[in-house]
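For reference, the chains in residue letters:
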Amino acid sequence: MAIINCDIDGVVNNLMDVTISTYNERYGASYTLQDITHYHLENCFEPDVANRMKAIFKEPDIWTKVKPIPNSRDNIQRLVRDGHEIYFSTDNEPHTFGNKVDWLLHYYPFINSSKIICIKDKSLLRCDIMIEDCFEKLIAGQHYHRIIMDQNWNQSNKDWVYDIHRCYNWNDIVEAVNKICESE
């Protein structure tokens, strides 16, 4: 069985969808997820747009709109039942971390809150498998297997160079975890 570290935003929730929708409603814009072609918003938008979107991330009310990624709950429960130890990590502003933890525990009540970590440099974490949506965070760590959740902002990366498993949904993630564990 494996120790699995799972990112939260973009892997188990739809925070970016909600951020774009909130921005569009608030400022009369018409951005879509296809406009997010890079993990760092300042590489996708004018500075004022990027800063306003990043400010939305920090609003406590945003968490009332954020939903789980389809099939994430059932598949995470399946991984836990299969004997894997699951941790969740996020690169979050410390003053907003509590809102994210509350959201996670609401939708994933089977998670132990002691397994939710706020950390900037995820390469410091010890695990067997890292699941992320940020390519740069995956390649920073060489001591674990890597799974990337396919998102518009990680399309231009060369997964095969770094032996990264690209997954398009949570069923793919479970399959990748099983393949990794079988190969060990």
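Above this text sits the structure in question.
Residues numbered from 1 in each chain as written. Predicted model: local features only at pLDDT ≥ 70, side-chain atom pairs only at ≥ 80, totals over all residues. Heavy atoms only, no water.

**As for the packing of helix H1 (residues 15-27) against helix H2 (residues 47-57)**
Between H1 and H2, the least distance of the axes is 10 Å, while the angle of their chain directions is 120°. As the angle between them shows, H1 and H2 are arranged oblique. When you trace H1 past H2, the crossing you get is right-handed. Facing H1, whose interface residues are Leu 15, Met 16, Thr 19, Ile 20, Thr 22, Tyr 23, Arg 26 and Tyr 27, H2 presents Val 49, Arg 52, Met 53, Ile 56 and Phe 57. The residue inventory of the contact of H1 with H2, partitioned by class, reads 9 nonpolar, 2 polar and 2 charged. (Axes fitted to C-alpha atoms, helices over the stretch in contact; angles between N-to-C directions. Helix = DSSP H or I, 4+ residues; strand = E, 2+ residues; numbered from the N terminus. Parallel < 35°, antiparallel > 145°, perpendicular 65-115°, else oblique. Left-handed = near helix turned anticlockwise from the far one by under 90°. Contact = heavy atoms within 4.5 Å. Nonpolar A, V, L, I, M, F, W, Y, C, P; charged D, E, K, R; others polar.)

**Structural notes on the side chain of Asn 24**
Here Asn 24 lies in helix H1. Reaching out from Asn 24, the side chain makes a polar contact with the backbone oxygen of Tyr 31 at a distance of 2.7 Å. Excluding residues that lie within four positions of it along the chain, Asn 24 makes contacts with Ala 29, Ser 30 and Tyr 31. (Polar contact = N/O pair within 3.5 Å; in protein donor to acceptor, adjacent residues only side chain to side chain.)

**Considering the environment of Asp 48**
For Asp 48, the location among the structural elements is in helix H2. With 33 residues separating them along the chain, Asp 48 and Leu 15 place their C-alpha atoms 20 Å apart.

**Observations regarding the layout of surface pockets**
Estimated volume of the largest pocket: approximately 650 Å³. Forming the walls of the largest pocket are 25 residues, and the residues nearest its centre are Asp 9, Tyr 39, Lys 54, Phe 57 and Asp 91. Within the residue set of the lining of the largest pocket, elements represented by two or more residues are H1 and H2. The class makeup of the residues in the lining of the largest pocket is 7 nonpolar, 5 polar and 13 charged. (1 Å grid on protein atoms, 1.4 Å probe; cavity = no way out; pocket = protein on both sides within 12 Å on 5 of 7 lines; lining within 4 Å. Points joined across faces, edges and corners; volume = space filled by probe spheres on them.)

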